[in-house]
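Here's the letter readout for the chains.
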Protein chains: 2
Amino acid sequence: MALREPVILPHLQDCGSCTIRHRAVCARCDSDELARLEQMKYYRSFQAGQTVIWSGDRMDFVASVVSGIATLTQTMEDGRRQMVGLLLPSDFVGRPGRSTAAYDVTATTDLLMCCFRKKPFEDLILSTPHISQRLLEMTLDELDAAREWMLLLGRKTAREKIASLLAIIARRDVSLNPRKSGPIVFDLPLTREEMADYLGLTLETVSRQVSALKRDGVISLEGKRHVTVNDFDRLLEVAGDDSDGGYPV
Amino acid sequence: MALREPVILPHLQDCGSCTIRHRAVCARCDSDELARLEQMKYYRSFQAGQTVIWSGDRMDFVASVVSGIATLTQTMEDGRRQMVGLLLPSDFVGRPGRSTAAYDVTATTDLLMCCFRKKPFEDLILSTPHISQRLLEMTLDELDAAREWMLLLGRKTAREKIASLLAIIARRDVSLNPRKSGPIVFDLPLTREEMADYLGLTLETVSRQVSALKRDGVISLEGKRHVTVNDFDRLLEVAGDDSDGGYPV
DNA sequence: GCCCTGCCTTGATGCAGATCAAACGGGAAC
DNA sequence: GTTCCCGTTTGATCTGCATCAAGGCAGGGC
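A brief structural summary. (Residues numbered from 1 in each chain as written. Chains lettered and ligands numbered in written order. Predicted model: local features only at pLDDT ≥ 70, side-chain atom pairs only at ≥ 80, totals over all residues. Heavy atoms only, no water.)

A look at the relation of the copies chain A and chain B
Okay, step 1: Between chain A and chain B, the superposition needs a rotation of 180° and an axial shift of 0.0 Å, giving an RMSD of 0.0 Å. Both copies are brought into coincidence by an operation consistent with a two-fold rotation axis.
Okay, step 2: Comparing interface residues between copies, 100% of those in chain A also sit at the interface in chain B, which points to an isologous, same-surface contact. (Least-squares fit on C-alpha atoms with pLDDT ≥ 70 in both. Contact = heavy atoms within 4.5 Å.)

And the structure:
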């Protein structure tokens, strides 16, 4: 198969939110492959709060997030919940070679996903090595992120957990909309309860620790969601991260 | 590239410990690829307790475990440690496309690894789609395991954590040496401290909860390491796992 | 305006697991 | 045999977070 100059899938140009990560899957596709991808693709949209798919359900597609935010969660019978992943625009969901969903996938904001029928997608990657290589790379990044999260869940204090989460969101935000300088400002995409589910805490503890970080001047709050990080290095310090700490979420 | 009948790499036959997982990487290789793999491979052995590689070190190989057990751990500056993975025979370690280690890798028993020089290995998988597909599959399994572990670390009680770990080891043990019926018996491959690092607990709590499971008749102990699982379903129940609960470790 | 609802904050109390401390036991060296 | 050492057990106490409970606040419907 001939490698070519990068070609971007039309739907990725349309959606306006395509990122390096997503684009890279398609950048080396030739026009035949692009046509096949176009054929098997379709869009689905969800409202905030809607469930995309329940753990254990039949899942006959793979997808990437075009816009909005979704979460992956696991639930125990008695209702204890743990978020195991956060899907942001360009993130991939679904697993070639598996037919049922392993996690609950829920839209936390209005959500648009670009889906590919699973069977033809699997056939395509079998004959298109650079796509499976790209998937491997993305999966390894996710594995690193999951393992970083294991350290957080197993060993960090509530305060460190909150600071870590804020740092990750801040970092992600900066990389998406690079800014001049000065404080980092963003809106939290998660409720206190969702943050708690992500961090292995209760929502009360999240609330208290966010207030504590505010009281200590590490962050400022305007309303409940709008966060200003006054000093990012200070935040990292509170998070207990090694100086570099580049989460590959 | 022509697919063929399965061919097993000589070194896998030699080492006597090759498993389905490892074998599958090579099963479809043709003789040219086998020769290339043979050329780039070499063995390294470590004593129990030795460090294979430190996080951040240059890592110019990928490897698979031939025999023994190794752990992947992350450490915070103040010494808090979290184990993020357990490497058992046939498990793969290292990451094509990355040149430094992301975790400390430590031999917890005497360890033999079969290493492949990274550069030629990367070149080989670029031209050998079924190997990168197999790596993708293995990585997805590890990701699932990591996420299952996130639920454990974030939401399970100490007692549930211990029971979950014992269940995983028991299950793994049964699948490696299938047995008639009756209780499952195995030796713990980890010290109490290593178990604690894996479970996000202290070694004292591990010790207490193991004793409690023994007192309650869920397991029996002979010495500190030799475990008998009297009733596997009961163990799963204590672990709080959904009935099926097949960890793909 | 009012009330309702969803999300969040704050306070009081309880408990699981951490921490500190001491002793046990089995294997290896002698 | 004795001693040492390491991993482990057990006990006493402390504490960070969960739990239970009561408001607070902003937005939307009427």
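Quick notes on the packing of helix α6 (residues 158–176) of chain B against helix α9 (residues 232–239) of chain B
Working note: a packed helix pair is described by the angle between its axes plus the distance between those axes.
All names here are of chain B.
Okay, step 1: Packing of α6 against α9 leaves a shortest axis separation of 7 Å and a crossing angle of 140°. As judged from the angle between their axes, α6 and α9 are oblique. Pair α6 / α9 crosses with left-handed handedness. Counting all contacts with α6, which are made through Arg159, Glu160, Ala163, Ser164, Leu166, Ala167, Ala170 and Arg171, the residues of α9 involved are Phe232, Leu235, Leu236, Val238 and Ala239. (Axes fitted to C-alpha atoms, helices over the stretch in contact; angles between N-to-C directions. Helix = DSSP H or I, 4+ residues; strand = E, 2+ residues; numbered from the N terminus. Parallel < 35°, antiparallel > 145°, perpendicular 65-115°, else oblique. Left-handed = near helix turned anticlockwise from the far one by under 90°.)

Considering the protein's contact with DNA strand D
Okay, step 1: In the vicinity of DNA strand D, 17 residues are found, and the nearest of them are Ala158 and Thr205 of chain A together with Arg192, Ser207 and Arg208 of chain B.
Okay, step 2: Put simply, 61% of the atoms of DNA strand D that lie within 4 Å of the protein are in sugar or phosphate.
Okay, step 3: Arg208 of chain B places a polar side-chain atom, nitrogen or oxygen, 2.9 Å from a base nitrogen of DNA strand D.
Okay, step 4: The set of elements that each furnish at least two residues to the surface near DNA strand D consists of α8 (203–215) of chain A together with α8 (203–215) of chain B.
Okay, step 5: The element that contributes the greatest number of residues to the surface near DNA strand D is α8 of chain B, accounting for five residues. (Near = heavy atom within 4 Å. Polar contact = N/O pair within 3.5 Å; in protein donor to acceptor, adjacent residues only side chain to side chain.)

Topic: the packing of helix α4 (residues 118–126) of chain A against helix α5 (residues 129–155) of chain A
Residue and element names in this part refer to chain A.
Okay, step 1: Look at α4 against α5: their axes get within 6 Å of each other, and the N-to-C directions meet at 105°. One way to sum up the angle between α4 and α5 is to call them roughly perpendicular. On the side of α4, the interface is formed by Phe121, Leu124 and Ile125, while α5 contributes Pro129, Ile131, Ser132 and Leu135.
Okay, step 2: Its residues assigned to classes, the contact of α4 with α5 shows six nonpolar, one polar and no charged. (Nonpolar A, V, L, I, M, F, W, Y, C, P; charged D, E, K, R; others polar.)

Some remarks on the interface of chain A and chain B
Okay, step 1: Between chain A and chain B, the residue contacts involve 48 residues of the former and 48 residues of the latter.
Okay, step 2: If you sort the residues of chain A by the area they bury against chain B, Arg147, Met150 and Arg155 of chain A come out on top, with a joint share of 19%.
Okay, step 3: Where chain A packs against chain B, one counts 27 residue pairs in polar contact (both at pLDDT 80 or more).
Okay, step 4: Secondary structure elements with two or more residues in the side of chain A that touches chain B: β4 (70–75), β5 (81–87), α4, α5 and α7 (192–199) of chain A.
Okay, step 5: A per-element tally of the side of chain A that touches chain B places α5 of chain A first, with 21 residues. (Buried area = accessible area lost by both parts, 1.4 Å probe.)

Side note on the protein's contact with DNA strand C
Okay, step 1: The full set close to DNA strand C counts 17 residues, and Arg192, Ser207 and Arg208 of chain A together with Ala158 and Thr205 of chain B are the nearest of them.
Okay, step 2: When the atoms of DNA strand C within 4 Å of the protein are sorted by group, sugar and phosphate make up 62%.
Okay, step 3: A distance of 3.0 Å separates a phosphate oxygen of DNA strand C from a polar side-chain atom of Thr202 of chain B.
Okay, step 4: No other element matches α8 of chain A, which puts five residues into the surface near DNA strand C.
Okay, step 5: Here the residues of the surface near DNA strand C sort into three nonpolar, seven polar and seven charged.

Concerning the environment of Val206 of chain B
Residues and elements named next belong to chain B.
Okay, step 1: Positionally, Val206 belongs in helix α8.
Okay, step 2: Overall, Val206 belongs to the buried group, its relative accessible area being 0%.
Okay, step 3: Taking the C-alpha atoms as reference, Val206 lies 7.1 Å from Ile162; in sequence the two are 44 residues apart.
Okay, step 4: Excluding residues within four positions of it along the chain, Val206 makes contact with Ile162, Arg192, Met195, Ala196 and Leu201. (Buried < 20%, exposed > 50% of the residue type's maximum accessible area, 1.4 Å probe, protein only.)

Some words on the side chain of Lys156 of chain A
Okay, step 1: As for its placement among the helices and strands, Lys156 of chain A is situated in the loop between α5 and α6 (158–176).
Okay, step 2: By relative accessible area, Lys156 of chain A is classed as buried at 9%.

With respect to α6 of chain B
Okay, step 1: Along its 19 residues, α6 of chain B runs 27 Å from first to last C-alpha, staying within 8% of the 27 Å computed at 1.5 Å per residue.
Okay, step 2: A large share of α6 of chain B lies buried, amounting to 14 of its 19 residues. (Expected span 1.5 Å × (residues − 1).)

Structural notes on α9 of chain B
All names here are of chain B.
Okay, step 1: Every buried residue belonging to α9 is among Leu235, Leu236, Val238 and Ala239, and all of these are buried. Buried residues along α9 cover an arc of 160° about the axis, so they all sit on one side. For α9, exposure combined with an orientation more than 90 degrees from the buried face picks out Asp233 and Glu237.
Okay, step 2: In this structure, the buried residues of α9 make contact with α6, α8 and β11 (226–229).
Okay, step 3: Measuring from the backbone nitrogen of Asp233 back to the side-chain oxygen at the start of α9 gives 3.1 Å, which picks out Asp231 as the cap.
Okay, step 4: Gly240 sits one or two residues past α9 and shows a positive phi near 75°. (Arc of directions from axis to C-beta.)

Focus on the nonpolar core
Okay, step 1: Membership of the largest hydrophobic core comes to 116 residues, with the highest contact counts inside it found for Trp149, Ile162 and Phe186 of chain A together with Trp149, Ile162 and Phe186 of chain B.
Okay, step 2: Residues in contact with Trp149 of chain A, not counting those within four places in the same chain, are Leu165, Ile168, Tyr198 and Leu199 of chain A together with Met150 of chain B.
Okay, step 3: Core analysis: the second largest hydrophobic core is formed by 30 residues, Val66 and Ile125 of chain A together with Phe116 and Phe121 of chain B among them. (Core = buried A, V, L, I, M, F, W, Y, C linked by side-chain atoms within 4.5 Å.)

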